[in-house]
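Descriptive analysis of the structure
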Amino acid sequence: MNDFLEIKEISYGEFPEISDLNPRFKPRGKKVKVVLDFLVPEIKKANAALPSIFMKLTKLLPSLERHQCGEHLLEDLKYHKKYRYTHQLEKITDIAHLMEHIIIDLQSKITGVDSCSGITCGYKNPYYRFDLFVECKDKKVGVFSALFAADLLKRLLGNKNLSTRYFGLLELVKYLYKDKSLLKRATELKPVASQISSKFGWKKSYSLSLLRKLADFGFLSLERPLAT
Ligand SMILES: [Zn+2]
């Protein structure tokens, strides 16, 4: 599958230089910063319409519909006001902005915070690069949310449907974030997978594959034992 977008860099900090850009940012709040590139010309092949992508996303993340967005992006996508774009730049700007909202939604779901703000800044040069900033109290959750959001968007931009694995991953990451003792108790992957399987009624191979995916998305480190 062609990649339409690429994360160039993920970092974590306060980023005071951008705190004036969104009056809702909490003072001295930690944020995850994502530098995102759209790959040209691959993105031209990403012809899935954004309103249909948004519809699929709300099956996984229904609270997206309740976000307050200064630019009304989500309302526009919901009511199909932005179906055709005259310029590629408009479309990639909306995709970057949508990714910001996905990261906001994911991190709020996982950490349970009820207020979270973000901002998307486009570069003049190169025009296909964006900086996304999203408030997040946990670095690991911020990194996970960014990588998960990119993976999800690549799939949906490629006109594919949501796979059930996304639902499983989200359920698992919320559970592991809440019950950190499971990770602390475990010394290797297989016993953790067994516990997860009995908790959720999943096959052990499925639990193992989700845990490996969580490691790909930066939430777990499998190089050393899971105990921290
Ligand atoms: Zn917005």
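Quick word on the overall build of the chain
A tally of helices and strands in the chain yields 8 helices and 4 strands. The order of helices and strands in the chain, counted from the N terminus, is β-β-α-α-α-β-β-α-α-α-α-α. Computed over its C-alpha atoms, the radius of gyration of the chain comes to 18 Å, within 12% of the 17 Å expected for a compact globule of 228 residues. Each of the three principal axes of the chain carries a C-alpha extent, and together these read 55 × 40 × 30 Å. Considering the chain as a whole, with its 228 residues, one finds that 33% of them fall into the buried category. Within the chain, contacts between residues at least 6 apart in sequence are counted, and of these 72% link residues at least 24 apart.

Brief notes about the pairing of strand β2 (residues 31-38)
Bridge count between strand β1 (residues 5-13) and β2: 8 bridges; the pairing is antiparallel. Along β2, the bridge assignment pairs isoleucine 7 with leucine 36.

Quick word on unusual backbone geometry
Cis geometry is adopted by the peptide bond preceding proline 126, which originates at asparagine 125 and carries an omega value of -5°. Tracing the chain through its elements places proline 126 in the loop between β3 (118-122) and β4 (129-135).

Points about the domain arrangement of the chain
Accessible area lost when the parts come together is the quantity often used to give the size of an interface. Looking at the assigned domains, one finds that the chain contains domain 1 (5-157) and domain 2 (164-216). Its C-alpha centre places domain 1 at a distance of 26 Å from the equivalent point of domain 2. Between domain 1 and domain 2, the contact holds 7 residues from the first and 6 residues from the second. For the side of domain 1 that touches domain 2, the per-class residue count stands at 5 nonpolar, 1 polar and 1 charged.

A look at the packing of helix α3 (residues 88-111) against helix α4 (residues 139-157)
Running from amino to carboxyl end, α3 crosses α4 at an angle of 135°, the nearest separation of the two axes being 9 Å. By the angle between their directions, the pair α3 and α4 is classed as oblique. At the point where α3 passes α4, the crossing takes the right-handed sense. Residues Ile95, Met99, Ile102, Ile103, Leu106, Gln107, Ile110 and Thr111 of α3 form the contact with α4, whose participating residues are Val141, Gly142, Ser145, Ala146, Phe148, Ala149, Leu152 and Leu153.

A few points about the environment of leucine 157
With respect to the helices and strands, leucine 157 occurs in helix α4. Setting aside its immediate chain neighbours within four residues, leucine 157 contacts Phe4, Ala46, Ala48 and Ile53.

Quick notes on the rules
Residues numbered from 1 in each chain as written. Predicted model: local features only at pLDDT ≥ 70, side-chain atom pairs only at ≥ 80, totals over all residues. Helix = DSSP H or I, 4+ residues; strand = E, 2+ residues; numbered from the N terminus. Rg over C-alpha atoms; globule rule 2.2 N^0.38 Å. Buried ≥ 20, exposed ≤ 12 C-beta atoms within 10 Å, placed from the backbone. Contact = placed C-beta atoms within 7 Å. Pairing = 2+ DSSP bridges. Domains from an automatic or database assignment. Nonpolar A, V, L, I, M, F, W, Y, C, P; charged D, E, K, R; others polar. Axes fitted to C-alpha atoms, helices over the stretch in contact; angles between N-to-C directions. Parallel < 35°, antiparallel > 145°, perpendicular 65-115°, else oblique. Left-handed = near helix turned anticlockwise from the far one by under 90°.

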